[in-house]
Amino acid sequence: MAGDGPPTTAFAAVRKDSGLAAEVERSVLDLVLRTGEVMVATGAPVADTTAVMLRLAAAYGVTNCQVDITFISITASIDRDDDPVTKVRVINVRTSDYSRLTEVTHLVDSADAGNLSVEAAHERMNRILTAPHPYRRWVVTGALGTMAAGVAVLLGGGLPVAAVAAVTTMVIDRSLRFLRNHGLPYLFQQALGAGIATMVALLLLWIKPYLDISDEFLPPSLVVASGIVVLLAGLSLVGAAQDAISGFPLTSAARSYEVVLYTVGIVVGIGFVLDVGRRFGVPLSINDLTGFATALPLQIGCGAVIAGSWAVASYTRMRTVPVVMGVGALASASYAGFLALGMGPAGSSFGAALVVGLLSALVQRGMRTPSMVIAVCGITPLLPGLAIYAAMFEFVDSGDVIAGGVRLIAALSIGLALAAGVTLGEFIGTPLGRNADRWQRKVQARARGTRI
């Protein structure tokens, strides 16, 4: 009746002494924590960050390292017989800085290959953290303007609406940067950015009778939608979904709450300005678009421009930008193909994001770029900016809560479909590309759940 073998799954890892002095292990632990802090601060999923931290510790002979990551802190501990070592880092900065994220992963690869001592790794980390950005700030502002112009054309606008969307987005970026430097909370920044985009659309609608401009020539709703996509691009929706699927529910819940809160900021900004316009007799109209409104070649070109622009705005190295543009073009083409098959906006978004996630996982090693960088930039053309604006239009203009709620749920379903598609694509693509090492497999095992 008794079993004749050990438990199928080990309940506790066997302690393995690294043989290193306590001072060396403390130095390794400090390097591991600094690495994790940079990755989480730049938007990396917790599963990837944990795997990288464990790999880095093992590269210097420390295999009995435990890592715990929450939304605002990282705790790492080395289990020793004589004196266990535990350190904590609090995460105070969050930004999209993919150049530093890429450089940190290169550092870990060098350490894993045995080409970097602990002291040299600390010096290299200092250089990474203090190095200037690869682009000046005005380049980032121009990239965001180009991204908004691409979104406007993708949604069916011509060159006039693309120009207005670009200028509006650059004004938003400079305004929010000024307020950010003065400590304005990010929630109000999102509301103000969405409000500026909506205000510009109201001004266009107000001056149209004087300039004899038609809605077909310069539709104001596309200006709002373009600005919303730029604001949505900075949110960690993909990271939140990946944390949930990978077995890190606490961090996923915190990230999801942040995404929802900042999206509410966008909704409040749009709703407030729409209500003001309605009260002053300048009601906005809406172009009822559920997908791309241009010819397929133009869709593909706009997708490439949008993805490449967001990559530059996130400080991605220039050698990676052409690859990101290709992935963005493929995402737009895939979305159009799935939509033609009758899958609907959410299903088409999932299919296109699945292609993007799979491709990013396959090319990450050859490009020496984290798959998250390629995937997040690649799905940017598919973000539901117009759907969110449509929901707010229903709430404010007609007061139809049911219709507005339906549109808002549709917008949220598109966002969730994008996150789920990218996550599943990376999960499938990593074994196919043979990029998963034992530390990644160890972290991925959490996704199976706690039931044995």
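A brief look at the structure comes next. If you're wondering where the values come from, they're calculated on a predicted model, not measured in any experiment.

### As for the overall build of the chain
Consideration 1: Helices and strands together make up the secondary structure of the chain, namely 17 helices and three strands.
Consideration 2: For the chain, buried positions account for 53% of its 452 residues.
Consideration 3: For the chain, the proportion of contacts with a sequence separation of at least 24, taken over those separated by at least 6, is 75%.
Consideration 4: For the chain, the exposed area adds up to about 20400 Å²; of that, 63% sits on carbon and sulfur atoms.

### Let's talk about the environment of V321
Consideration 1: Relative to the elements of secondary structure, V321 occurs in helix α12 (residues 321–340).
Consideration 2: Note: C-alpha distance between V321 and A311 (ten residues apart in sequence) is 6.3 Å.
Consideration 3: In this view, V321 contacts Y135, G308, A311, V312 and T316; residues no more than four positions away in its chain are not counted.

### Looking at the pattern of salt bridges
Consideration 1: The full count for this structure, using the stated rule, is five salt bridges.
Consideration 2: Residue D30 is joined to R89 by a salt bridge in which the shortest nitrogen-to-oxygen separation is 3.4 Å. With D30 in helix α1 (residues 22–41) and R89 in strand β3 (residues 85–90), this pair connects stretches of sequence that are 59 residues apart.
Consideration 3: The closest approach of N and O atoms between D173 and R137, which form a salt bridge, is 3.2 Å. Within this pair, whereas D173 is found in helix α6 (residues 159–181), its partner R137 is found in helix α5 (residues 137–154), the two being separated by 36 residues in sequence. Accessibility assignment for this pair places D173 and R137 in one class, buried.
Consideration 4: What emerges from the salt-bridge pattern is a single network uniting D30, E37 and R89.

### A closer look at the nonpolar core
Consideration 1: Ranked by internal contacts, the top residues of the largest apolar core, which has 108 residues, are Y60, Y98 and W310.
Consideration 2: Here Y98 is in contact with T42, W310, S314, Y315, T316, M372, V373, V376 and C377, once residues within four sequence places are set aside.

### Brief notes about α5
Consideration 1: With 18 residues, α5 should cover 26 Å at 1.5 Å per step; its first-to-last C-alpha distance of 26 Å lies within 8% of that length.
Consideration 2: For α5, a buried count of 14 out of 18 residues is recorded, marking the element as mostly surrounded by other parts of the structure.
Consideration 3: Where α5 terminates, the next one or two residues include G156, which has phi positive at roughly 110 degrees.

### Quick word on the sheet that holds strand β2 (residues 73–78)
Consideration 1: Pairing within the open sheet is antiparallel, and its three strands lie in the order β1-β2-β3. Edge positions in the sheet fall to β1 (65–69) and β3, since each has one partner strand and no second. When the angles between neighbouring strand axes are averaged without regard to direction, this sheet yields 10 degrees.
Consideration 2: Contacts from helix α2 (residues 46–59) reach β1 and β2, with the element oriented near 155 degrees to β1.

### Here we look at unusual backbone geometry
Consideration 1: At Y315, a residue that is not glycine, the phi angle is positive and equals roughly 65 degrees.
Consideration 2: Locating Y315 in the fold gives a position in the loop between α11 (296–313) and α12.
Consideration 3: Residue class for Y315 comes out buried when judged on its relative accessible area of 9%.

Definitions and cut-offs
- Residues numbered from 1 in each chain as written.
- Predicted model: local features only at pLDDT ≥ 70, side-chain atom pairs only at ≥ 80, totals over all residues.
- Heavy atoms only, no water.
- Helix = DSSP H or I, 4+ residues; strand = E, 2+ residues; numbered from the N terminus.
- Buried < 20%, exposed > 50% of the residue type's maximum accessible area, 1.4 Å probe, protein only.
- Contact = heavy atoms within 4.5 Å.
- Areas by Shrake-Rupley, 256 points an atom, 1.4 Å probe, with all protein chains shown as cover.
- Salt bridge = Lys/Arg side-chain N within 4 Å of Asp/Glu carboxyl O.
- Core = buried A, V, L, I, M, F, W, Y, C linked by side-chain atoms within 4.5 Å.
- Expected span 1.5 Å × (residues − 1).
- Pairing = 2+ DSSP bridges.
- Axes fitted to C-alpha atoms, helices over the stretch in contact; angles between N-to-C directions.

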